[in-house]
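Reading the structure
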Number of protein chains: 4
Amino acid sequence: MNTPTATLLISCPDQKGLVAKLANFIYSNGGNIIHADQHTDFSAGLFLNRIEWQLEGFHLPREVIEPAFQAVATPLNASWKLHFSDAVPRIAIWVSKQDHCLYDLLWRQRSGEFKAEIPVIISNHEELGAIAKQFEIDFHHIPITKETKLEQEAKQLELLEQYKIDLVILAKYMQVLSADFVSKFSNVINIHHSFLPAFAGANPYQRAFERGVKIIGATAHYVTKDLDEGPIIEQDVVRVSHRDDVKDLIRKGKDLERIVLARAVRLHLQNRVLVYGNRTVVFG
Amino acid sequence: MNTPTATLLISCPDQKGLVAKLANFIYSNGGNIIHADQHTDFSAGLFLNRIEWQLEGFHLPREVIEPAFQAVATPLNASWKLHFSDAVPRIAIWVSKQDHCLYDLLWRQRSGEFKAEIPVIISNHEELGAIAKQFEIDFHHIPITKETKLEQEAKQLELLEQYKIDLVILAKYMQVLSADFVSKFSNVINIHHSFLPAFAGANPYQRAFERGVKIIGATAHYVTKDLDEGPIIEQDVVRVSHRDDVKDLIRKGKDLERIVLARAVRLHLQNRVLVYGNRTVVFG
Amino acid sequence: MNTPTATLLISCPDQKGLVAKLANFIYSNGGNIIHADQHTDFSAGLFLNRIEWQLEGFHLPREVIEPAFQAVATPLNASWKLHFSDAVPRIAIWVSKQDHCLYDLLWRQRSGEFKAEIPVIISNHEELGAIAKQFEIDFHHIPITKETKLEQEAKQLELLEQYKIDLVILAKYMQVLSADFVSKFSNVINIHHSFLPAFAGANPYQRAFERGVKIIGATAHYVTKDLDEGPIIEQDVVRVSHRDDVKDLIRKGKDLERIVLARAVRLHLQNRVLVYGNRTVVFG
Amino acid sequence: MNTPTATLLISCPDQKGLVAKLANFIYSNGGNIIHADQHTDFSAGLFLNRIEWQLEGFHLPREVIEPAFQAVATPLNASWKLHFSDAVPRIAIWVSKQDHCLYDLLWRQRSGEFKAEIPVIISNHEELGAIAKQFEIDFHHIPITKETKLEQEAKQLELLEQYKIDLVILAKYMQVLSADFVSKFSNVINIHHSFLPAFAGANPYQRAFERGVKIIGATAHYVTKDLDEGPIIEQDVVRVSHRDDVKDLIRKGKDLERIVLARAVRLHLQNRVLVYGNRTVVFG
């Protein structure tokens with residue numbers, strides 16, 4: 001389906017008639033729903049829904065959809081977001097020294113797997129500037145020290161502003177973001193090189209080796225002020241054995257990190273991830 | 001959610017307003033939708049939907065829901081089925097000599113994983129009669145030969161009638177059902193001991209060993225007149241290596257068969273599987 | 001290969017000629033090696049080996065093999081164990097109230113997957129006595145309270161003595177063994193219902209649900225005095241989604257627990273697991 | 001372990017003393033074995049072994065090892081190969097129009113995952129010449145038609161000669177090699193975009209979609225004169241659902257193809273794969 005669509009991600013207290021109200025809003029305005037998926041979290045008494053319809057033939061002009069739907073959403077105490085499939089989000093990739101996730105993300109964007117622009121790469125090290133150059137993407141080197149962290153984060157925020165960034169991807173950016181930063185820019189996806197909550201924090205592969213686990217994993221999650229505690233978007237695992245030393249775990253982990261991060265980014269870009277509390281609903 | 005619910009599985013040519021029409025039917029009659037999941041197969045121009053709502057507070061008495069919905073469905077050229085969550089389907093398990101799937105299904109039913117009754121076990125051999133006795137389930141031994149197949153199938157159909165069977169599970173029943181039988185009783189789930197379409201037919205493990213595959217699988221599917229060609233409900237796989245001989249493949253396969261069959265049966269019993277053409281939509 | 005074999009599990013400081021020394025001991029005594037697998041942990045400077053040979057045609061009588069090999073092992077500072085394939089280990093299964101692992105282990109032993117005897121089931125509750133009866137296995141109900149734990153453990157040790165038990169399987173035995181017990185009987189395999197080290201301790205499924213993980217796991221490990229910290233033998237995982245509530249996680253987990261525990265027990269019974277430090281080498 | 005090692009891959013009819021003979025050859029010449037792994041295929045009566053030792057301190061000069069070992073191997077009717085870990089194999093990557101496997105292989109080689117040189121890329125299309133240029137690798141465009149196939153294969157063989165190629169990787173090279181070619185250059189690894197033997201031949205993803213499978217796979221195998229029938233080195237799979245159309249299968253398959261091919265190449269480069277008949281022993 002390549003005609004443009006609108007997608008509504010909505011959550012509100014559960015009550016009768018919610019599906020009907022949403023469907024009627026779209027149908028009465030001439031929209032054709034192509035995806036509708038609902039989840040009810042009974043423990044939270046919460047209704048969560050993703051609904052996507054074709055804009056072709058829809059009577060409301062784009063700029064009117066939001067105010068028009070607001071009239072439906074307000075009485076429901078709903079929190080919601082509207083997305084258009086032909087919008088092209090702008091991504092900033094943050095890295096340190098490792099290149100595997102960066103290469104992978106760039107290849108996927110170039111090959112059309114990601115419908116997004118990647119205008120800038122930010123790093124606390126200089127090494128990966130060459131890749132940015134190779135792909136003709138702006139590169140900003142912003143070194144971080146305990147002392148300079150806050151002022152450097154101010155610079156980073158300026159860049160996000162300047163480049164009109166919608167999403168930050170921490171592609172093996174080995175720095176913690178301050179609570180202050182996250183409060184100012186919250187749309188950040190991180191790839192953690194372990195099967196969280198196992199081995200949260202530093203050197204997960206070393207610790208996995210020492211613990212003698214038979215499986216290792218990787219976790220893509222939204223970044224919150226609590227390190228490695230953010231809502232999980234995607235995880236995957238791979239078997240290891242006594243024959244794998246720490247170097248092997250790191251190598252196998254790289255493949256996991258690339259794929260888990262890529263899946264999470266794609267789900268996010270397709271507006272399939274709905275966060276509530278510290279959990280996600282992923283509308284497959 | 002333990003209050004009784006109604007579930008509608010429906011497929012029809014895609015058109016505008018389908019979600020609204022379904023939701024309004026339920027809402028206008030006072031129903032609270034707890035699950036709604038839609039899929040559109042654009043290549044087939046088909047709308048497929050599963051919608052589940054609480055019967056508590058629903059204005060229509062159960063016996064009226066079907067005729068009432070028929071009025072909605074007819075103009076849509078929809079094919080649909082209505083299910084009630086507190087109905088208890090009756091299952092006949094068919095086996096030959098292997099007991100692993102039979103034990104597993106019985107354990108799951110006893111432990112409450114399956115909301116169903118299992119009043120009868122049918123086998124072309126006598127061996128597993130002891131298990132039926134142990135679980136106090138009727139056991140019918142119906143041997144099959146080329147010559148007697150058709151008349152024996154007539155007996156089997158009588159038993160399904162007599163025991164008011166809704167679903168037949170071929171739990172390693174090593175016989176092919178005739179096209180005639182399938183045309184008369186179509187609600188049959190089979191577990192095939194390979195990753196279909198690989199190694200369709202006989203001796204899949206032997207052939208998998210000879211081919212030197214590194215992964216083996218199992219497939220649960222609805223039975224059609226074409227052997228091993230029916231709509232697939234669930235598949236899963238497990239790694240094997242050169243250290244595994246045919247006996248090891250068979251042993252590892254047994255665990256796969258048990259779990260894949262159990263998942264498929266559970267999905268079917270929860271009315272989550274919608275068949276169209278030779279494919280299934282599994283509403284997770 | 002159904003003729004009896006001897007298996008040597010050995011670990012010692014790495015040095016030249018170890019493989020030759022082991023192979024020559026067997027060859028010079030007329031043995032035919034059918035499996036030989038070596039691992040060297042360079043970080044630990046440790047040589048670890050599993051070697052299995054046919055006893056048919058081996059010149060040394062069984063009772064002489066140990067003293068004869070001791071002469072080889074002593075100069076190597078080796079720790080080692082000798083096993084005969086036709087020995088039939090005796091297992092005590094310990095349970096509480098959940099029956100899925102118990103049923104699974106009993107079925108596997110009956111079906112010949114485990115070459116072992118299961119003369120006794122011990123439980124801190126009475127519920128599963130019926131299953132013991134059904135399989136005609138002695139059942140001992142030994143309730144545990146904080147106050148009675150130590151004296152009850154003394155009873156348990158007596159029973160292990162009395163039944164000549166080689167291996168204890170904690171098949172969802174929801175009690176911690178005291179350090180004192182473990183020091184007296186160390187051959188204990190436990191199934192933990194999480195992907196350790198994630199969610200060590202109590203209520204892993206509840207905590208997994210709250211954390212919103214996308215994958216859950218199970219872990220089979222040898223029991224040590226440190227709860228959930230023992231050497232891991234086997235792990236496996238299964239995907240979950242936002243649609244799975246805690247009850248679903250528990251249900252999916254049961255299938256994992258059964259299979260992971262069964263694999264670990266089988267590896268142990270085949271003398272394929274070599275423990276060193278807090279790690280295992282699993283000779284596949 | 002970064003000091004150079006020698007690795008022996010050997011298979012011969014099973015008999016007593018083989019491990020001892022191999023180990024003694026190495027030990028008596030002052031070698032330290034760091035890996036030794038044996039497999040016996042009893043159905044074939046075949047002994048298969050991989051043994052790796054440090055060259056440091058080994059008394060035999062490299063050029064003497066082969067003739068010296070020949071004296072051991074001949075009486076055993078053994079077929080065997082000797083490899084040195086510091087040898088750097090030369091790889092030719094063959095492609096058509098798809099770039100995902102090519103990018104992946106080049107990234108892994110650059111990042112040190114593959115210890116090999118990649119001096120040349122050969123393609124029947126011109127599209128990927130730009131990537132060759134970007135990585136400063138020779139690129140040869142050799143278009144293939146039914147009519148020109150044989151003469152073009154002659155050119156390809158010349159290039160393999162000219163570049164001293166040890167291994168050809170068909171990284172989505174959508175052409176069949178003639179039996180004649182394979183007889184002249186047999187060291188060829190192919191990635192097939194299905195879980196062989198399922199969907200052998202053309203358009204596997206289309207056919208997988210039509211069959212409605214719930215899992216798709218990829219297979220890396222050595223190329224033989226029989227299309228898609230060569231010895232399998234590695235396979236892996238990924239789940240799909242009714243929500244995945246053919247394009248999604250292709251996208252998901254690309255990730256599988258990259259990883260399965262990379263694993264197979266790495267195993268081959270580490271001399272861990274021993275082919276016998278149409279099967280492989282992969283010494284993990």
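It should be emphasised that the depicted structure is a prediction, and the values quoted were computed from it without experimental measurement. (Residues numbered from 1 in each chain as written. Chains lettered and ligands numbered in written order. Predicted model: local features only at pLDDT ≥ 70, side-chain atom pairs only at ≥ 80, totals over all residues. Heavy atoms only, no water.)

What about the interface of chain C and chain A?
Contacts between the two partners involve 33 residues from chain C, matched on the other side by 33 residues from chain A. When chain C packs against chain A, close to 3,000 Å² is buried across both sides, 50% of that on carbon and sulfur atoms. Taken as a group, Arg211, His242 and Arg279 of chain C account for 25% of the area that chain C buries against chain A, more than any other trio of residues on that side. A salt bridge links arginine 211 of chain C to glutamate 229 of chain A, with the shortest nitrogen-to-oxygen separation between them at 3.8 Å. If you list the elements that add at least two residues to the side of chain C that touches chain A, you get strand S2 (32-41), helix H7 (204-211), strand S11 (232-239) and strand S13 (279-282) of chain C. (Contact = heavy atoms within 4.5 Å. Buried area = accessible area lost by both parts, 1.4 Å probe. Salt bridge = Lys/Arg side-chain N within 4 Å of Asp/Glu carboxyl O. Helix = DSSP H or I, 4+ residues; strand = E, 2+ residues; numbered from the N terminus.)

Quick notes on the sheet that holds strand S9 (residues 188-192) of chain B
All names here are of chain B. A sheet is described by the order of its strands in space; here seven strands give the open sequence S7-S6-S5-S8-S9-S10-S11, paired in mixed fashion. The open sheet terminates on both sides in strands that have one partner only, identified here as strand S7 (138-141) and strand S11 (232-239). Here the strands of the sheet are splayed against their neighbours by 20° on average, with no regard to which way each runs. Relative to strand S10 (residues 215-222), S9 runs antiparallel, the two being bridged by four bridges. The partner of asparagine 190 across the bridge, within S10, is histidine 221. (Pairing = 2+ DSSP bridges. Axes fitted to C-alpha atoms, helices over the stretch in contact; angles between N-to-C directions.)

Side note on the relation of the copies chain C and chain A
If you rotate chain C by 180° and push it 0.0 Å along the axis, it lands on chain A with an RMSD of 0.0 Å. Such values leave the two copies arranged in the relation of a two-fold axis. Proximity to the rotation axis, assessed at the C-alpha, singles out alanine 198 of chain C in chain C; its C-alpha lies 2.2 Å from the axis. Interface overlap between copies is the fraction of interface residues in one copy that are interface residues in the other; for chain C against chain A it reaches 100%, indicating a shared surface. (Least-squares fit on C-alpha atoms with pLDDT ≥ 70 in both.)

Digging into the interface of chain C and chain D
Of the residues lining the interface, 23 residues belong to chain C; the matching set on chain D comes to 23 residues. Surface buried jointly by chain C and chain D totals about 2,000 Å² across both partners, of which 57% is contributed by carbon and sulfur atoms. The interface formed by chain C and chain D contains zero salt bridges. The interface formed by chain C and chain D contains 11 residue pairs in polar contact (both at pLDDT 80 or more). Among the elements of the structure, helix H1 (18-28) and S2 of chain C are those that each provide at least two residues to the side of chain C that touches chain D. (Polar contact = N/O pair within 3.5 Å; in protein donor to acceptor, adjacent residues only side chain to side chain.)

Details of the environment of glutamine 235 of chain C
With respect to the helices, strands and loops of the structure, glutamine 235 of chain C is situated in strand S11. When its relative accessible area of 0% is taken as the criterion, glutamine 235 of chain C is described as buried. Along the backbone, glutamine 235 of chain C and phenylalanine 47 of chain C are 188 residues apart, and their C-alpha atoms lie at a distance of 25 Å. Residue contacts for glutamine 235 of chain C: discarding those within four places in its chain leaves Val213, Lys214, Ile215 and Arg239 of chain A together with Phe195, Leu196, Ala218, Thr219 and Val260 of chain C. (Buried < 20%, exposed > 50% of the residue type's maximum accessible area, 1.4 Å probe, protein only.)

What about the domain arrangement of chain A?
Residue and element names in this part refer to chain A. Taken domain by domain, chain A consists of domain 1 (5-84) and domain 2 (90-282). Each of domain 1 and domain 2 has a C-alpha centre, and these two points are 31 Å apart. Facing the 11 residues of domain 1 at the interface are eight residues of domain 2. Here domain 1 meets domain 2 over a buried area of about 790 Å², counting both sides, of which 60% is carbon and sulfur. Area buried by domain 1 at its contact with domain 2 is led by Leu9, Leu48 and Arg50, which between them contribute 50% of it. Between domain 1 and domain 2 we count zero salt bridges in total. (Domains from an automatic or database assignment.)

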